[in-house]
Every structure is written in structure tokens, then in C-alpha cells.
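Given next are the chains, with one letter for each unit.
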Amino acid sequence: MKVSVSPGHNINGTLILPLFEGSEEVPDSHEVGLHTALKSQINRILLEGDFKAKLKSTMSIIGSEGGKAMLVGLGKEDDADLHAYRKAGAAVIANRKKAHGTDLTARFSGASIEVMGAFAEGMLLRDYSYDHYKQQDEDDKESEIDVRITCDEGQEDELSSAIRIHAGVASGVHLSRDLGNCPPNDMYPEAFADQAWEWAKQYDDVEVTIINYEQAVKAGMGGLVAVGMGSARKPCMVIFELNGKKSGRCPLLVGKGITFDTGGISLKPGANMDEMKYDMGGSATVFGTMHALASTGHKGKVVAITCMAENMPSSNAQRPGDVIKTLSGKTIEILNTDAEGRLVLSDGLWKAGEFDPEYIIDFATLTGACVVALGHEATGLWSNDDDFRTRIHEAGNAVDELAWPMPLLPAFEKEMTDSKIADTRNLGAGRWGGANTAAAFLKQFVPNRNYEKDGEQITWAHMDIAGTYWGAKTNSMVGNGATGIHVRTMYHLITNG
Ligand code: BES
Ligand code: ZN
Ligand code: ZN
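Residues numbered from 1 in each chain as written. Chains lettered and ligands numbered in written order. Predicted model: local features only at pLDDT ≥ 70, side-chain atom pairs only at ≥ 80, totals over all residues. Heavy atoms only, no water.

Some details on the coordination of the zinc ion (ligand 3)
- With distances of 2.0 to 2.5 Å, the protein atoms coordinating the zinc ion (ligand 3) are Lys256 (NZ), Asp261 (OD), Asp279 (OD) and Glu340 (OE).
- With six donor atoms in place around the zinc ion (ligand 3) and angles of 77 to 173 degrees between them, the coordination shape is octahedral.
- The sequence pattern describing where the donors of the zinc ion (ligand 3) fall on their chain is K-x4-D-x17-D-x60-E.
- If you look at the zinc ion (ligand 3) and the zinc ion (ligand 2), they sit 3.2 Å from each other and are both ligated by aspartate 261. Here lysine 256, found in strand β9 (residues 251-261), pairs with glutamate 340, found in the loop between β12 (331-333) and α9 (341-352); they are 84 residues apart in sequence, far enough to count as distant.
- According to the relative accessible area criterion, lysine 256 is buried, its value standing at 2%. (Donors = N, O, S within 2.8 Å, 3.2 Å for Na, K, Ca; no water. Tetrahedral: all angles 85-135°; square planar, octahedral: opposite > 155°, others 65-115°. Helix = DSSP H or I, 4+ residues; strand = E, 2+ residues; numbered from the N terminus. Buried < 20%, exposed > 50% of the residue type's maximum accessible area, 1.4 Å probe, protein only.)

Written as C-alpha cells, this is what we have:
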């Protein structure tokens, strides 16, 4: 999608008219340049109450002498915040038909830069489909959507730069979605690493380092190795550094990247197993965030680590009963090979300490239990620092990506560290509180500052995106498939201090 901005009144292609609930006629400010036939048709629709302008509703007018139009509801004027404008923008793209054409003019007047920016953001985000694997007739191919936003005189520069940022961040969301939607025969650990490597080439200030299987074995990354060794597609760790030469502490993101989770020897049931291609959603979130930051020219230092592996059953797979030694030196008794995300993360979190980060946030499609707790409406959010947890929750609220506070309790830590033969166990004692026991397990692998034995643990948060990375039907920015959740949350958190 191309979005341009200008204060003129002419309408290219289909007119997009955002309206508040209760509008009984086209606002005066929108009349200039509007064909009288189209204006009177819209006025009749509004007067007769045929379009109530409820939030996200749209009505198409096609075949009018005065040109094509789409009315879009912003809901009640008093409630029309940034989220409402973003949703309305997304609704335009969701409901656009071929007959509307690809040239759209969204008309605003007297609107703030922020709300127009949010409307454009919604359009940009919703303009996504994953059809790389579909044959398409040349005749069916549409050209790129070209949107013009008409604003007031003097707003164009500020609005253009706001939209440039939204476009960069949206491309990060779309990258995360592309990675997640990619079928697992093509998205395996090395394919992800190769893509990261190729991606980094376009930026002078980005560096990608790949720790391959042999190097991971040598380094003692026992968690990553144990999960990945059962697959012909060997595991790896990918490290992204943006402005890595800058000094000082920086945010550090860690992602679970299980490119397919069969459960391993603790094999999952067959139903919906195909969805386990999304089990690399955490790594996609992290890669997408790095793209959002790099493409918008973020000047601060940010590091990300993705732990990539395919969890397969095979003669070389790990077994329930195995005890493995992780990068931290701590051992884990494997009681269920389907609890593999926490194993690869144990090495990723420990590795993060090498960068002496300001904070660590991990993203993982970690537990079915989190989906039981929160459905598809919110990500589970745990932290060893209450204020930090609140900051992330608020960053999520600011961009309409809910992350809900969950408890990190000593009792859960105790449960995960009382193995008879190892330092930790990868399964809780019972099945209750499975998302919380998983978080408590991860905490065992968050290093203290400078790895000092009695030092303070690095500020850390864990985000379980099992319910929000795909299948979230109420996410207005997404039609289907991977959602790309939390790229925007992270962009907001990192760029707003
Ligand atoms: N990738 C799954 C978690 C998952 C399940 C995400 C369903 C989304 C939907 C994870 O690796 C897993 O299998 N977790 C187990 C943990 C259990 C064995 C302690 C689970 O949630 O059942
Ligand atoms: Zn699993
Ligand atoms: Zn998994």
C-alpha cells in the first residue's frame, strides 16, 4: 500500500468518508469537491438512518453518477480515540471489494495528526494477505492500493512523517506474519537464520550472528540441542544487534522459535497439529520488531536472540527421563518432551546476560494453559519487577495489544525445582497453573547482573503469546493466520523510553 497526504479537495478513485454515529448529512467541511449526485445520495442514506456509522461498519456506494464511495463508521464521537480510528481504517481495507478499485481518497478535515495517522495505520496493517503458495492468473492480480489522505493545510509534513513511521512498523508486523504463516517444510531453523542474514545486509547498523548446531553443542547449549537433535533440520540460535557498537545497556528480546512442534517423543494428538507451525511466533515477533526499529531508523541499541529448533520424534530425539545440562550449568529433568519451548529459552535467556542488557523480554507460544486462562484476547505477562510489568502492560494498551498481568509465585518456582535428580524439571507436579509453572521455570534461567552469584537478577518479563499469535478472531487488524502481535507493543515500549 502506498499512502500519500495532501490538503487538496479532489477525489482520486473511491471516496472514503469516515463518519461519527448520528451523522445526518455529509459534514460541511467535506462538501468541497464532492459531486452533487454523490453528496445527495449519501445525505439520503444518512437522513434515512440506513448507515448508523457504528464503529467498524462500512457501506459501499457503487454505480452512482457522482463516483464511488465507502462510508466508514467511527462510532460515537466522544468514544472516538486512536483505537477507534485505527479500527475504522482497517475496516475499510477488510471490506474493500474489487469494484472499489485500488485508488482510494480518505477525506478528513479538522482532524488531528494522531487520529489520521491511526486511520492510516489501520489501513496499512490490514492490507495483508499470504498468497505466496497460490497460483494466480495475471488478470486477477490487482495493483498496489494507493491511498491519499486529505488533511488540512499545513498538516501535510507532520502527517507524512507519522505515516512513514506507521508504514515501517506495519512492515515489521507483516514480516512477523509472513514468518509465522510460512509452511514448516520451508520455515525451519536454518531457513529462518538465512532470512535474517539476508535481511541484515540492507542495514549498516544491523548485525546478525548465527550460532549453528556444532557451535551450540560446543558452547554447551544443552536445551537448544536437546530439542533440536531429533530433527534432520538442525537447531541454531540467531542473534540480532541493532546499533550494537553503541555503549550502554539496552533492551534485549528473546524469542521461542520452534518451527514445528510435534511434541517429540511425547507426541501431540493429531487434531490441529498443523497449527504448530506457528510455534516459532516468539522468534517472528522478535525479528519483526527488529525490522520495525531498523526500517524506521531507530538510533538506540537493541539486541535480540531467537532460539530456533524443530521438535520431532526420531531415534535421535531426547526422551522423557533424560537429564540435560544447559548453558547456565543448571540441569533439567525432562519429564515431557512437549514442554520444549522452555528448554530452548533456558539457553537464550542465559545467553542474554552476556550483553548486560537493561532488561530482557521473552516471547513464546509457550503453553496451552495460557490459552485456557486468557483465551485469544490477551497475552499472559509475567515479570520479576512489578513496575516493569506495568510498563509493558501500558505499552500494550497504548497500541491495543492486551498483555495481562499473571503471577510469578515462589510456590511455582519450588514446584519446578524439586526434581529428585536434577536442578529443575520441565513439567509441573500436576496440571494446574501450567502457564505459571512455565514462567516460574524460565525465571530459573534469567541471569543475575554480570552472572554474579549473589547479584541482582536482570529485570525480565515473559510474554506467553500462545493464544494471541494466531487464531485471534477479534483482532481487527488481522483477517486470518499469524497476527504479528506485539511488534507494535515493543516498538512503543522501546521508542517511548
Ligand atoms: N507449543 C506448545 C504450546 C501451545 C499449545 C501453544 C497449544 C498454542 C496452542 C508447547 O510447546 C506445549 O506443547 N506445551 C505443553 C506443555 C505441557 C507439556 C507442560 C502444553 O501446553 O500442553
Ligand atoms: Zn510442545
Ligand atoms: Zn511448543
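Thoughts on unusual backbone geometry
- Even without glycine at this site, tyrosine 451 takes up a positive phi of about 60 degrees.
- Following the sequence through the fold, tyrosine 451 ends up in the loop between α13 (434-443) and β17 (460-464).

What about the sheet that holds strand β4 (residues 69-73)?
- Here we have six strands laid out as an open sheet, ordered β1-β6-β5-β2-β4-β3, and mixed in their pairing. Edge positions in the sheet fall to β1 (2-6) and β3 (58-61), since each has one partner strand and no second. Ignoring which end each strand starts from, the neighbouring axes of this sheet average 20 degrees apart.
- Of the pairings in the sheet, the one linking β3 to β4 comprises four bridges and is antiparallel in character. Residue pairing in the sheet places methionine 59 in a bridge with leucine 71 of β4.
- Strands in contact with helix α1 (residues 36-47) are β2 (14-19), β3 and β4; relative to β3, the strand with the most contacts, it is inclined by about 145 degrees.
- Packed on one face of the sheet, helix α4 (residues 156-181) meets β1 and β6 (146-150) and runs near 165 degrees to β1. (Pairing = 2+ DSSP bridges. Axes fitted to C-alpha atoms, helices over the stretch in contact; angles between N-to-C directions. Contact = heavy atoms within 4.5 Å.)

Notes on empty space enclosed by the protein
- Evaluation of the coordinates by the stated rule reveals one cavity of 30 Å³ or more.
- The computed volume of the largest cavity comes to approximately 40 Å³.
- As for the largest cavity, its lining consists of Ala226, Val227, Gly230, Gly264, Ile265, Asn311, Met312, Ala317, Gln318 and Thr337.
- Partitioned by chemical class, the residues of the lining of the largest cavity number five nonpolar, five polar and no charged. (1 Å grid on protein atoms, 1.4 Å probe; cavity = no way out; pocket = protein on both sides within 12 Å on 5 of 7 lines; lining within 4 Å. Points joined across faces, edges and corners; volume = space filled by probe spheres on them. Nonpolar A, V, L, I, M, F, W, Y, C, P; charged D, E, K, R; others polar.)

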